[in-house]
Amino acid sequence: MAAPARAADVVGSSLKLDVVLPALQAIVPRLSLGRHKGDAGKIAVVGGCKEYTGAPFFAGISALKMGADLAHVFCSKGAATVIKSYSPELIVHPTLEESYLLSKLAEKEKEEIKQKVLEEVEKWLPRFDCLVIGPGLGRDPLILDCVAAIIDSAKRDNIPMVIDGDALFLVTNNPELVCGYPLAILTPNFNEYKRLVARIMGPENDVLSNYHDIPDNNIPSLLKVLANRMGGVTIVQKGEKDIISDGNSVLISGFFGSPRRCGGQGDVLSGSIGVFTPWARQFLSQQDQSVTKLVTERLSKNPTLSGAFAGSLLVRKAAATAFSQHKRSTVTTNIIDSLGIRSLSLSLYVCVCVCVCVI
């Protein structure tokens, strides 16, 4: 019997959903009365400042809707009360400090505050299965310095991390933060992707040195080279189709989707990937290759690649469902309401949702 086609060969064709979905279904942990709180995932979002409070909420609540047991948010003090008011489901830590509140302090005092922030976050890090860094983060210099230190600490603890929003700005300017770390997943939109290409590949290629001049065609090949140059991080280039690479292979998530481009959809995606990545990591860590064969043959041996593809597929399906109901008035909360939705549809998408939502 011929081996089943790999996802890299079949994505983009709706006739092949029956190939990739059983692999994704296998990744999802079964619900059981014998499980305990936290067994299905503990996710932390690092983001949220005075100006941006919706993004960390979208990421955290999406993680819960996808099936994580607990979602924490580490944000600035000015954002914490607002985020708490959105939902009692999130555990909110008013940890990050913004520079404008500390403008009169000396540099030594600011460094002491930065160290206190890091110590507060570090005592929680071992509890988390994945970090989602960047939603609503803003570009406050002190916060970005703290987040850079948090990334270094998470790497030492071998914690997967999804880098989104303004954390991509931080990483683009300081790529050494994630280069060579295989558990990092970057989720740039098209312009963020081009800036990353210019930063990583531009110095040795004049054609790529100005992100405005980076060609729009042949993104899969260039993305593969970019991920490889960054030492095997996984990159999800969001767009009409989500193109995903870890430097070794490329997956294209072109199923479903919505023509509506309301703000916040990227936060939903980052929160969803933050759930599926540790699920995939746990599944693929099993020693019995006969168990993991379904995923490794049809999708990938890399848990970050599998987790990113799963998150993309389900969020695109949720966006399509929301758009079918709300059309032009679709907003991000409609998409979140459609995550993990139960349906009597015969679509194979339901196979994944049943594992997430039903005992």
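The preceding data block contains the structure.
This report concerns the structure included in the present document. (Residues numbered from 1 in each chain as written. Predicted model: local features only at pLDDT ≥ 70, side-chain atom pairs only at ≥ 80, totals over all residues. Heavy atoms only, no water.)

To continue, consider the packing of aromatic side chains. Applying the stated criterion across every chain, the model contains 6 aromatic pairs. Its end group placed over the ring of W124, R127 keeps NZ or CZ at 4.2 Å from the ring centre. Positioned over the ring face of F169 is R139, at 3.9 Å from the centre of the ring. (Phe/Tyr/Trp six-rings, centres within 6.5 Å; stacked < 30°, edge-to-face > 60°. Lys NZ or Arg CZ within 6 Å of the ring centre and 35° of its normal.)

Now for the packing of helix α2 (residues 17–27) against helix α11 (residues 289–298). Relative to each other, α2 and α11 sit at 135 degrees, their axes nearing to 9 Å. Put simply, α2 runs oblique to α11. As α2 runs across α11, the sense of the crossing is left-handed. Contacts from D18, V19, V20, P22, A23, A26 and I27 in α2 reach L294, V295 and R298 in α11. For the contact of α2 with α11, a count of residues per class yields 8 nonpolar, no polar and 2 charged. (Axes fitted to C-alpha atoms, helices over the stretch in contact; angles between N-to-C directions. Helix = DSSP H or I, 4+ residues; strand = E, 2+ residues; numbered from the N terminus. Parallel < 35°, antiparallel > 145°, perpendicular 65-115°, else oblique. Left-handed = near helix turned anticlockwise from the far one by under 90°. Contact = heavy atoms within 4.5 Å. Nonpolar A, V, L, I, M, F, W, Y, C, P; charged D, E, K, R; others polar.)

Okay, the pattern of salt bridges next. Pairing between side chains of opposite charge can happen when the charged atoms of each approach one another. Under the counting rule described, the total for this entry stands at 9 salt bridges. For the salt bridge of R316 with D242, the shortest nitrogen-to-oxygen distance reads 3.6 Å. Placement of R316 in helix α12 (residues 303–326) and of D242 in strand β8 (residues 242–245) is noted, with a sequence separation of 74 residues between them. Taking the relative accessible area as the measure of exposure, D242 reaches 5% and is therefore buried. Residue E297 pairs with K293 through a salt bridge whose shortest N-O separation is 3.9 Å. Placement of both E297 and K293 in helix α11 is noted, with a separation of 4 residues, approximately one turn of the helix. Take K293: its relative accessible area is 43%, and that puts it in the partly exposed class. (Salt bridge = Lys/Arg side-chain N within 4 Å of Asp/Glu carboxyl O. Buried < 20%, exposed > 50% of the residue type's maximum accessible area, 1.4 Å probe, protein only.)

As a further point, take the pairing of strand β9 (residues 250–253). Relative to β9, β8 is paired through 4 bridges, and the arrangement is antiparallel. When the bridges of β9 are listed, S245 appears paired with V250. Linking β8 back to β9 in an antiparallel pair, the connection comprises 4 residues, with G247 at a positive phi of about 95 degrees. (Pairing = 2+ DSSP bridges.)

Membership of the largest hydrophobic core comes to 59 residues, with the highest contact counts inside it found for L24, I27, L90, F309 and L313. A per-element tally of this core places α12 first, with 10 residues. With sequence-adjacent residues up to four places away left out, I27 is seen in contact with F276, W279, A280, F283, V295, L299 and S306. In terms of nonpolar packing, the next biggest core, distinct from the first, is built from 56 residues, I143, L177, I219 and M230 among them. (Core = buried A, V, L, I, M, F, W, Y, C linked by side-chain atoms within 4.5 Å.)

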